[in-house]
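# Structural characterization, general
Chain by chain, the residues run as shown.
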Amino acid sequence: MFDPVVVKMLALGFLESLYMTLISSVLAYVIGLPLGIILVVTDNGGIKPAPGLNRVLGSIINLLRSVPFLILLITVIPITRAIVGTSIGPTATIVPLVIGASPFIARLVETSLKEVDKGVIEAAQSMGASNFEIIYKVMLPEARPSLILGAAFSVTTILGYSALTGFVGGGGLGDIAIRYGYYRYQTDIMLITVVLLVIIVQVFQEIGMRIAKLSDKRK
Amino acid sequence: MRTGTSLIQIRGLSKVFQSSSGDVHVLEDINLDIKQGEIFGIIGMSGAGKSTLVRCLNFLEKPTQGTVFFDNQDLSALSLKELYKIRQSMGMIFQQFNLLMQRNVLRNVCFPLEIAGIKKKEAEERAYELLKLVGLSDKAHAYPSQLSGGQKQRVAIARALANNPKVILCDEATSALDPATTQGVLALLKDINNRLGITIVIITHEMSVVEEVCQRVAIIDNKRIAEVGYVKDIFTKPTTDAARRLVFPEGKRVEHFTGNRCCRIVFDGSSSFEPVIANMVLEFRQTVNIIFADTKNIDGKAFGQIVIQLPEDKLMGEKMMAYLRNRGLTVEEVHDFV
Ligand SMILES: Nc1ncnc2c1ncn2[C@@H]1O[C@H](COP(=O)(O)OP(=O)(O)OP(=O)(O)O)[C@@H](O)[C@H]1O
Ligand SMILES: [Mg+2]
């Protein structure tokens, strides 16, 4: 089983998984972070309450979150084709991953930002800080450790989703596991992919926790 | 201290909060003038609306009715941008300090300067200066979590001073601190008022804080200002029930004093700190019952009050009160109420 072809395939799968996960995470944050900020800011006790917008956005996010990822994966195939031109392979997989991850990232960001002490925000307001300054000078930096932990959690969750996309030819380690383990009963190869996935999860989680801890000045 | 012209004028201010269970009227028709350079106290029981009132002073809370003039500008007439700008000349400190936990002390003090658009280098120089003023130069690179409560409040004071404010608003600034630390923070505020001439508004529920630093005080009770005046006058001759409740010790029920002839002795700092009651007892060879005592020695002067029960003998009681008055103390007989 350690013939060069298999090793090469595993290495490629590993890199594809990393590629999908990281690019998807970045894009999902590009969407989820602002949404999370909007959720907190427009909340009733937020710095710019907007109950209507808050409710609509919250509902859309809940709706997306309640769709099981496998179903989402299949439903968005037409969208993926429209954007990427194909629905198979790692690049195409980024589309459902981003759509699936953005809503829960929005909620994670919301939770982190809500932990920021109201008093500190009030203090900033008393100094004449604008809402924009409060977001990027107070809320985001004060929530940094919690945001970093959330990011580690997001990346590992997205990696898990990416493995699932193997069912629709998404590429990466999940694809290999399903092709060899599920369809050809080559359990050894499947095991190796699982071990590799576990290692990636562990590494990201550990890195996230270390950085969060180092960056937290609250002790 | 240059006092005289009004820095803050509160005019017909009311505040109503809308809640699910209906409107909550918190403040009604508040009118106050806070003068340039004074230390002004606002005192009231918990829930009286003190925090709401102080938050109206910088429009963190918009009054439902009425307005606030700050430095002759009607705050309700300002645009949001102008309001941000004017808030830079109003420092504020809080009970819970409200420092940025992820910024060190230096960068906390730099924060309002950043907001005001001051260049980093200049801001840091100013921050070091301020830390020196509050006696925390050595803590510039510490994080708030590494400081004691008193130190945190000093950082908050330095931060509030950063943009050379005309006023510092203090909302229960010493309520989370122990008595000794409270003294230190109050002394610092007094010093800032003295040296920099900055007007200070102190919100508190503790009469001792007002006694110690304020020149004038407003008593807020049942949504309104019950009494305004010089601390000395209100402390020695409270004219409203609200004032009496605050001046008199908490927990001492009014009934305790009824039936017997009691007298309340006020130490307003004009007499020296001597064992006056003990001396009186020695002089008259007659014991008195001390019902309540809360005095302290500030710079060798006595502050606070003692309530004693006078002897049954009416003449003796009169003599004792005369004796105390001769020592420069304010003495009042308290019968039915308080
Ligand atoms: N946003 C709000 N919505 C509804 N009611 C409020 C709001 N803020 C304050 N209140 C009510 O207004 C009243 C006064 O509150 P405030 O915080 O001003 O009192 P306080 O005098 O500062 O009390 P404390 O000494 O406990 O700090 C309270 O009864 C409170 O429940
Ligand atoms: Mg309060």
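Residues numbered from 1 in each chain as written. Chains lettered and ligands numbered in written order. Predicted model: local features only at pLDDT ≥ 70, side-chain atom pairs only at ≥ 80, totals over all residues. Heavy atoms only, no water.

### Focus: the overall build of chain B
Counting its secondary structure elements, chain B contains 11 helices and 14 strands. Taken over the C-alpha trace, chain B has a radius of gyration of 23 Å; the compact-globule value for 338 residues is 20 Å, and the two agree within 12%. For chain B, the C-alpha atoms occupy an extent of roughly 75 × 50 × 40 Å along the three principal directions. Counting only residues that meet the buried cut, chain B has 53% of its 338 residues in that class. Across chain B, every contact between residues at least 6 apart in sequence was considered, and the portion connecting residues at least 24 apart equals 69%. When the accessible surface of chain B is split by element, carbon and sulfur atoms take 48% of a total near 15200 Å². Positive and negative side-chain charges of chain B, numbering 42 and 39 respectively, have mean locations separated by a distance of 5 Å. (Helix = DSSP H or I, 4+ residues; strand = E, 2+ residues; numbered from the N terminus. Rg over C-alpha atoms; globule rule 2.2 N^0.38 Å. Buried < 20%, exposed > 50% of the residue type's maximum accessible area, 1.4 Å probe, protein only. Contact = heavy atoms within 4.5 Å. Areas by Shrake-Rupley, 256 points an atom, 1.4 Å probe, with all protein chains shown as cover. Lys, Arg positive; Asp, Glu negative; His and termini not counted. Charge placed at Lys NZ, Arg CZ, Asp CG, Glu CD.)

### Quick notes on the interface of chain A and chain B
Listed by partner, the interface residues are 25 residues for chain A and 23 residues for chain B. Taken together, the two surfaces of chain A and chain B that pack against each other cover about 2100 Å², and 56% of this comes from carbon and sulfur. The largest contributions to the chain A side of the interface with chain B come from Ser126(A), Met127(A) and Lys217(A), which together make up 31% of the buried area. Applying the counting criterion to the chain A and chain B interface returns two salt bridges. Residue Glu122(A) pairs with Arg55(B) through a salt bridge whose shortest N-O separation is 2.5 Å. (Buried area = accessible area lost by both parts, 1.4 Å probe. Salt bridge = Lys/Arg side-chain N within 4 Å of Asp/Glu carboxyl O.)

### Some words on the packing of aromatic side chains
Residues and elements named next belong to chain A. Summed over the entire model, instances satisfying the criterion amount to seven aromatic pairs over all chains. Note on Phe-69 and Tyr-161: the rings are 4.2 Å apart at their centroids and 5 degrees apart in plane angle, and the pair reads as stacked. Of this pair, Phe-69 sits in helix 3 (residues 69-75) while Tyr-161 is found in helix 8 (residues 144-164), placing the two residues 92 residues apart along the sequence. Relative accessible area serves as the criterion here: at 23%, Tyr-161 is assigned to the partly exposed category. Seen in terms of ring centroids, Phe-132 and Tyr-136 are 5.0 Å apart; in terms of plane orientation they differ by 45 degrees. Their pairing is tilted. Of this pair, Phe-132 and Tyr-136 both sit in helix 7 (residues 131-142), four residues apart, which is roughly one turn of that helix. You can call Tyr-136 partly exposed: its relative accessible area is 41%. (Phe/Tyr/Trp six-rings, centres within 6.5 Å; stacked < 30°, edge-to-face > 60°.)

### What about unusual backbone geometry?
A positive phi is found at Tyr185(A), a non-glycine position, where the angle reads about 55 degrees. Checked against the element boundaries, Tyr185(A) lands in the loop between helix 9 (172-183) and helix 10 (187-215). By relative accessible area, which is 69% here, Tyr185(A) ends up exposed. Phi at Asn72(B) takes a positive value of approximately 65 degrees, unusual for a residue other than glycine. In this structure, Asn72(B) sits in the loop between strand 4 (65-70) and strand 5 (73-74).

### Focus: the site of ligand 1
Residue and element names in this part refer to chain B. Taken together, Phe-17, Val-26, Met-45, Ser-46, Gly-47, Ala-48, Gly-49, Lys-50, Ser-51, Thr-52 and Glu-172 make up the full set of residues adjacent to ligand 1. Between an oxygen atom of ligand 1 and a side-chain N or O atom of Ser-46, the distance comes to 2.6 Å. In the complex, 59% of the free accessible area of ligand 1, which totals 640 Å², lies under the protein chains. It is helix 1 (residues 50-57) that contributes the most residues to the shell around ligand 1, three residues altogether. Across the shell around ligand 1, the residue classes break down as four nonpolar, five polar and two charged. (Near = heavy atom within 4 Å. Polar contact = N/O pair within 3.5 Å; in protein donor to acceptor, adjacent residues only side chain to side chain. Nonpolar A, V, L, I, M, F, W, Y, C, P; charged D, E, K, R; others polar.)

### Quick look at the domain arrangement of chain B
All names here are of chain B. The assigned domain composition of chain B is domain 1 (6-237) and domain 2 (260-334). Using C-alpha coordinates to define each centre, domain 1 is positioned 36 Å away from domain 2. Summed over both partners, the interface of domain 1 with domain 2 buries about 690 Å², with 57% contributed by carbon and sulfur atoms. Three residues stand out in domain 1 for area buried against domain 2, namely Glu-211, Phe-235 and Thr-236, and they jointly supply 64% of the buried area on that side. Where domain 1 packs against domain 2, one counts zero salt bridges. At the boundary of domain 1 and domain 2, one finds one residue pair in polar contact (both at pLDDT 80 or more). Counting only elements with at least two residues in the side of domain 1 that touches domain 2, the list comes to helix 7 (207-213) and helix 8 (231-236). Residue composition of the side of domain 1 that touches domain 2, grouped by class: one nonpolar, three polar and three charged. (Domains from an automatic or database assignment.)

### As for the sheet that holds strand 4 of chain B
Sheet strands pair via backbone hydrogen bonds, and the direction of the pair is either parallel or antiparallel. Residue and element names in this part refer to chain B. One open sheet accounts for four strands, arranged 2-1-4-5; its pairing is antiparallel. Each of the sheet's edge strands pairs with one partner strand only, and the pair in question is strand 2 (22-35) and strand 5. Relative to strand 2, strand 1 (residues 6-19) runs antiparallel, the two sharing 10 bridges. Looking at the pairing, Gln-9 lines up with Asp-33 of strand 2. With respect to the sheet, helix 1 is in contact with strand 1, strand 2 and strand 4, its orientation differing from that of strand 1 by roughly 120 degrees. (Pairing = 2+ DSSP bridges. Axes fitted to C-alpha atoms, helices over the stretch in contact; angles between N-to-C directions.)

### Digging into empty space enclosed by the protein
Residues and elements named next belong to chain B. The full count for this structure, using the stated rule, is two cavities of 30 Å³ or more. A volume near 100 Å³ is recorded for the largest cavity. Counting only elements with at least two residues in the lining of the largest cavity, the list comes to strand 6 (90-94) and helix 5 (149-161). When its residues are assigned to classes, the lining of the largest cavity shows seven nonpolar, four polar and two charged. There is about 40 Å³ of room inside the second largest cavity. (1 Å grid on protein atoms, 1.4 Å probe; cavity = no way out; pocket = protein on both sides within 12 Å on 5 of 7 lines; lining within 4 Å. Points joined across faces, edges and corners; volume = space filled by probe spheres on them.)

### A word on the packing of helix 1 (residues 4-41) of chain A against helix 7 of chain A
Residues and elements named next belong to chain A. Relative to each other, helix 1 and helix 7 sit at 95 degrees, their axes nearing to 13 Å. By the angle between their directions, the pair helix 1 and helix 7 is classed as roughly perpendicular. Two secondary-structure elements touch here, helix 1 through Leu-33, Ile-37, Val-40 and Val-41 and helix 7 through Ile-135, Met-139 and Leu-140. Its residues assigned to classes, the contact of helix 1 with helix 7 shows seven nonpolar, no polar and no charged. (Parallel < 35°, antiparallel > 145°, perpendicular 65-115°, else oblique.)

### With respect to the nonpolar core
Side chains of nonpolar character tend, in soluble globular proteins, to be buried together. Ile8(B) and Val201(B) are the most contacted members of the largest nonpolar core, which totals 67 residues. Counting residues in each nonpolar core, the second largest holds 53 residues, with Val109(B), Ala156(B), Ala173(B) and Ala243(B) among its members. (Core = buried A, V, L, I, M, F, W, Y, C linked by side-chain atoms within 4.5 Å.)

### Observations regarding the packing of helix 1 of chain A against helix 2 (residues 51-66) of chain A
Residue and element names in this part refer to chain A. Relative orientation of the contacting elements helix 1 and helix 2 amounts to 135 degrees, with a least axis distance of 9 Å. With respect to each other, helix 1 and helix 2 are oriented oblique. With respect to the hand of their crossing, helix 1 and helix 2 are arranged in left-handed fashion. Residues Leu-35, Ile-38 and Leu-39 of helix 1 form the contact with helix 2, whose own contacting residues are Leu-53, Asn-54, Leu-57, Gly-58 and Ile-61. Looking at side-chain class alone, the contact of helix 1 with helix 2 contains six nonpolar, two polar and no charged residues. (Left-handed = near helix turned anticlockwise from the far one by under 90°.)

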